[in-house]
Amino acid sequence: MHYALIESNLSYQVVAAVDINTTANQVYTHNFPNTALLNKTIEGITLEEFNKLSFDMILMSPPCQPFTRIGLQRDLDDPRTKSFLHIVDLLPRLSKAPLYILLENVKGFEKSAAREYLVKTLRECQYTVQEMMVSPTHVGIPNSRLRYYLMAKRSAQQKISAPSTGPAEDAPPAPHICPSQDKSHTCPCSTQLKATLEVQKKQIQNSDLSVQQIQAFLEPQEDVHEPQHLLPPKTLLRYAQLLDIVRPSCRRSWIIKHTFFLPLCDVQVEDVFPSLDQCSEEEKVQRLLDLKLRYFTPREVANLMGFPQSFTFPESVSTKQQYRLLGNSLNVVVVAKLLQLLPPMSCDR
């Protein structure tokens, strides 16, 4: 969120950042040593403490586990919603309500009771609300990461700007949520047809010239310590048919943690996978190893997430922790574009 503010070119001062994760806080302090950081839970901050901060904007990304489609979807019954509920409950009681609110969460939040409670409270507090689903592909970044965003402004006179119809670099397409966008119901297709449709989908994504190629986000090959990032034989054997593989020329990637990069090499994927089932286990492993499949490096993941080159991790943070933190983060460029849609703040604030 802090880097998104920088990217947006808005005039701002971060009065406080709040997180309970010690590793995340270590990384934040490493990159923003002069910003006040509260190492505590949101629900541990009292109304009096919030009033002393006297903030004009809240940027938040509440825990997504209560709403994710592959989770239990306990919604407001999940104890991890306490921080979210605390902020919503305090909102009408603040001595100076914030002028702007931006919230990010996973697809699924838009159908939750938490979302209904938030929107109801915001409208009662005289906020204009705009909701949308946005993916980094909408701003030219080759990563499909559809997320729910809510922007609110406390003003009866001026509404949040609608996304422009100009070039993609000016503002991201921001479709309003509607029932027709819900694709949670699986079509009763055969496995073969699904595979064919998936191939066609990837071909369409790779032909979208509004999205950059993966190679624009890669580290120089000489900077990549390849053995550390190569897929081990055990992983190759177990997940061979499930791997999402991209080349430098591709214009797509899925969940970054499960997308694998194919360096330029003499072996073609198309020559390996069709005949894998007919190979012995030893031969299968060797054929897969010849592909030299590797994970994206943490720096490459950070690039795809829109982090600037100035962003770095402390040396004490392990590679595994870096992947985990980036996976729990959000896309900096998307949030920056959304912040640019907010109307300017009046001088009396």
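The structure displayed is predicted, hence computed values, not measured ones.

As for the UniProt feature "active site" (unreviewed entry) in the protein
No. 1: Here the UniProt feature "active site" (unreviewed entry) sits at C64.
No. 2: Every residue in contact with C64, bar those within four places of it in the chain, is listed here: N105 and V106.

Focus on the pairing of strand β5 (residues 128–134)
No. 1: Summarising burial for β5: six of the seven residues are buried, a large majority.
No. 2: When β5 meets strand β6 (residues 147–153), the two strands line up antiparallel, connected through seven bridges. Across the sheet, the residue bridging to V134 is R147, located in β6.

Observations regarding helix α10 (residues 281–290)
No. 1: Buried within α10 we find K284, V285 and L288. End-on view of α10: buried residues confined to an arc of 100 degrees, all on one side of the axis.
No. 2: Turning to α10, the residues buried within the fold contact α8 (233–239) and α9 (269–272).

Some remarks on the confidence of the model for the protein
No. 1: Counting all residues, the mean pLDDT for the protein is 83, and 79% of those residues have values of 70 or more.
No. 2: At the level of individual helices and strands, the protein shows its lowest average pLDDT in strand β8 (residues 259–261), which scores 61, and its highest in helix α2 (residues 22–31), which scores 98.
No. 3: pLDDT under 50 marks residues 164–186. Its contacts with residues more than four places away, or in other chains, come to 34 contacts.

Description of the packing of helix α4 (residues 82–90) against helix α5 (residues 113–124)
No. 1: Running from amino to carboxyl end, α4 crosses α5 at an angle of 20 degrees, the nearest separation of the two axes being 10 Å. For the element pair α4 / α5, the angle class is roughly parallel. Considering the relative orientation of α4 and α5, their crossing is left-handed. Across from F84, L85, V88 and D89 in α4, the residues of α5 making contact are A114, Y117, L118 and T121.
No. 2: Considered class by class, the residues forming the contact of α4 with α5 number six nonpolar, one polar and one charged.

A closer look at the pattern of salt bridges
No. 1: Under the defined criterion, the tally for this structure stands at eleven salt bridges.
No. 2: A salt bridge links K107 to E110, with the shortest nitrogen-to-oxygen separation between them at 3.7 Å. Judged on exposure class, the residue K107 and its partner E110 are both buried.
No. 3: Several salt bridges share partner residues, and in doing so they unite K202, D244 and R252 into one network.

Examining unusual backbone geometry
No. 1: The backbone of N9 sits at a positive phi, close to 65 degrees, despite the residue not being glycine.
No. 2: Tracing the backbone shows N9 in the loop between α1 (2–8) and β1 (17–18).
No. 3: Taking the relative accessible area as the measure of exposure, N9 reaches 67% and is therefore exposed.

A few points about the packing of aromatic side chains
No. 1: In this structure the tally under the stated criterion is nine aromatic pairs.
No. 2: Relative to F311, the ring of Y3 lies with its centre 5.9 Å away and its plane at 90 degrees, an arrangement referred to as edge-to-face. One end of the pair, Y3, is in helix α1; the other, F311, is in the loop between α11 (298–304) and α12 (319–327), and 308 residues separate them in sequence.
No. 3: With 5.1 Å between their ring centres and 45 degrees between their planes, F109 and Y148 make a pair best called tilted. Remark: Y148 occurs in strand β6 and F109 occurs in the loop between β4 (100–106) and α5; sequence separation between them is 39 residues.
No. 4: An aromatic cluster is defined as three or more aromatic residues linked by ring pairs; in this entry it consists of Y3, Y28, F32, F307, F311 and F313.

What counts, and where the lines are drawn
- Residues numbered from 1 in each chain as written.
- Predicted model: local features only at pLDDT ≥ 70, side-chain atom pairs only at ≥ 80, totals over all residues.
- Heavy atoms only, no water.
- UniProt positions renumbered as here; feature names shortened; annotations may be inferred.
- Contact = heavy atoms within 4.5 Å.
- Buried < 20%, exposed > 50% of the residue type's maximum accessible area, 1.4 Å probe, protein only.
- Helix = DSSP H or I, 4+ residues; strand = E, 2+ residues; numbered from the N terminus.
- Pairing = 2+ DSSP bridges.
- Arc of directions from axis to C-beta.
- pLDDT = per-residue confidence, 0-100.
- Axes fitted to C-alpha atoms, helices over the stretch in contact; angles between N-to-C directions.
- Parallel < 35°, antiparallel > 145°, perpendicular 65-115°, else oblique.
- Left-handed = near helix turned anticlockwise from the far one by under 90°.
- Nonpolar A, V, L, I, M, F, W, Y, C, P; charged D, E, K, R; others polar.
- Salt bridge = Lys/Arg side-chain N within 4 Å of Asp/Glu carboxyl O.
- Phe/Tyr/Trp six-rings, centres within 6.5 Å; stacked < 30°, edge-to-face > 60°.

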